[in-house]
Amino acid sequence: MSCRDIARGCNELTRSTAKRLPPPGVHEATLSEVVGHFGTNTPRRQVLASRLQELMSLARETRKRSAIWGSFVTGKLFPRDLDVFLLMQEGFGREFSALSPPQWYVFEHESARLLFEADIFWATEAIGAAVLASWLSLYQLTRDMRQCGIVEVILDDRDPRAI
Amino acid sequence: MIEIPEQFERTEEAITQMKRFLLAARRTHTPAAYAALSAPILRELQERQRDALAYLSQLPEASAKAEY
């Protein structure tokens, strides 16, 4: 996918989220694009965007894929929290026990809720592609069963500080 | 909140998918990693099960097919 396609995808996403929900599908965007589109409108969004950047930065060394869904990637002015999925490198499960703060906080549910205002779901690549795809499809439906999209955060090779 | 049978069916499917994910995670992750990663999923699983039970606890609307 070219940068132009990504930009077009983000524009479509923004138009749709003005009507509340992102369109069905998985929309790729860099973290900068996510922050630019969803993290500026209101002080609440700015706070959550800053939390998102922080947690993504803490997880960056072993993160393979990540996705965001929920109210932050909708048109809501005051999203309640962040819903994030992190797919970590195989073997991270063994390293996990040796993590120390602040990295450890990202992967421990209660700490993550307190510090990042985020429900952070995670697994390692060992979970398998089929199980992962099936599970992520869950979040392409709202709790009241309307179809919606999720945003996959891709690495931005152009940005030397890419996270 | 579940209001119609189709939403109930979808919720049941979601519950099944979450359980499958947890079963796969139990097989493929260390106990410490599983304990951490399962926490938010178990919480959401409970919420969805509560939604399903709330729907089943409601009285059905009168239907032409119902036998009285």
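So, about a negative patch on the surface. Residues B:Glu6, B:Glu9, B:Glu12 and B:Glu13 make up a contiguous surface patch of negative charge. Taking relative accessible area as the criterion, B:Glu12 reaches 33% and is therefore assigned partly exposed.

This part takes up the sheet that holds strand E3 (residues 82-88) of chain A. All names here are of chain A. One open sheet accounts for five strands, arranged E1-E5-E2-E3-E4; its pairing is mixed. Here the strands that pair on one side only, and so sit at the sheet edges, are strand E1 (25-30) and strand E4 (118-124). Ignoring which end each strand starts from, the neighbouring axes of this sheet average 25° apart.

Of all hydrophobic cores here, the largest spans 60 residues; its most connected members are A:Phe72, A:Phe85, A:Leu86, A:Trp122 and A:Trp135. Excluding residues that lie within four positions of it along the chain, A:Phe85 makes contacts with A:Arg65, A:Ser66, A:Ala67, A:Trp69, A:Phe121, A:Trp122, A:Ala123, A:Leu132, A:Trp135 and A:Leu136.

Mean pLDDT for chain B: 91, with 90% of residues reaching 70 or above. For this predicted complex, the interface score ipTM comes out at 0.84, alongside a pTM of 0.85.

Moving on, we get to the pattern of salt bridges. All told, the structure shown has nine salt bridges over all chains when counted by the stated rule. Taken together, the shared-partner salt bridges connect A:Arg80, A:Asp81, A:Arg113, A:Asp119, B:Arg43 and B:Glu47 into one network.

Its boundaries defined by the atoms lining it, the largest pocket holds a volume of some 730 Å³. A:Gly70, A:Ser71, A:Asp83, A:Thr142 and A:Arg143 are the residues nearest the centre of the largest pocket, which is lined by 27 residues in total. When contributions to the lining of the largest pocket are tallied by element, the ones reaching two or more residues are E4 of chain A together with helix H2 (31-57) of chain B. With five residues, the single largest contributor to the lining of the largest pocket is H2(B). Across the lining of the largest pocket, the residue classes break down as nine nonpolar, five polar and 13 charged. Here the second largest pocket defines a volume of roughly 210 Å³. Broken down by class, the residue content of the lining of the second largest pocket amounts to five nonpolar, one polar and two charged.

Tallying the contact residues gives 25 residues for chain A and 24 residues for chain B. Both sides together, the interface formed by chain A and chain B hides about 2,300 Å², and carbon and sulfur atoms give 62% of it. Contact with chain B buries area across many residues of chain A, yet A:Leu138, A:Arg143 and A:Met145 alone supply 29% of it, more than any other trio. One can count one salt bridge joining chain A with chain B. Ionic pairing is found between B:Arg43 and A:Asp119, a salt bridge with its closest N-O pair at 3.0 Å. Taken together, chain A and chain B are joined by six residue pairs in polar contact (both at pLDDT 80 or more). For the side of chain A that touches chain B, the secondary structure elements donating two or more residues are helix H4 (92-96), helix H6 (109-116), E4 and helix H7 (129-138) of chain A. Across the side of chain A that touches chain B, the residue classes break down as 14 nonpolar, six polar and five charged.

Moving on, we come to the packing of aromatic side chains. Using the criterion set out here, one finds 16 aromatic pairs over all chains in the structure. Between A:Phe38 and A:Phe72, the aromatic rings sit 6.2 Å apart at their centres with planes inclined by 50°, giving tilted as the arrangement. Linking A:Phe38 in helix H2 (residues 31-38) with A:Phe72 in the loop between strand E2 (63-69) and E3, this pair joins segments that are 34 residues apart in sequence. Looking at A:Phe72, the relative accessible area reads 0%, which means it is buried. Of the aromatic side chains, those joined through ring pairs into one cluster are A:Trp69, A:Phe85, A:Phe121, A:Trp135, A:Tyr139 and B:Phe21.

About the criteria used
- Residues numbered from 1 in each chain as written.
- Chains lettered and ligands numbered in written order.
- Predicted model: local features only at pLDDT ≥ 70, side-chain atom pairs only at ≥ 80, totals over all residues.
- Heavy atoms only, no water.
- Patch = residues over 30% accessible without salt bridge, like charges linked within 9 Å, V, L, I, M, F, W, Y side chains within 5 Å.
- Areas by Shrake-Rupley, 256 points an atom, 1.4 Å probe, with all protein chains shown as cover.
- Salt bridge = Lys/Arg side-chain N within 4 Å of Asp/Glu carboxyl O.
- Lys, Arg positive; Asp, Glu negative; His and termini not counted.
- Charge placed at Lys NZ, Arg CZ, Asp CG, Glu CD.
- Buried < 20%, exposed > 50% of the residue type's maximum accessible area, 1.4 Å probe, protein only.
- Pairing = 2+ DSSP bridges.
- Helix = DSSP H or I, 4+ residues; strand = E, 2+ residues; numbered from the N terminus.
- Axes fitted to C-alpha atoms, helices over the stretch in contact; angles between N-to-C directions.
- Core = buried A, V, L, I, M, F, W, Y, C linked by side-chain atoms within 4.5 Å.
- Contact = heavy atoms within 4.5 Å.
- pLDDT = per-residue confidence, 0-100.
- 1 Å grid on protein atoms, 1.4 Å probe; cavity = no way out; pocket = protein on both sides within 12 Å on 5 of 7 lines; lining within 4 Å.
- Points joined across faces, edges and corners; volume = space filled by probe spheres on them.
- Nonpolar A, V, L, I, M, F, W, Y, C, P; charged D, E, K, R; others polar.
- Buried area = accessible area lost by both parts, 1.4 Å probe.
- Polar contact = N/O pair within 3.5 Å; in protein donor to acceptor, adjacent residues only side chain to side chain.
- Phe/Tyr/Trp six-rings, centres within 6.5 Å; stacked < 30°, edge-to-face > 60°.

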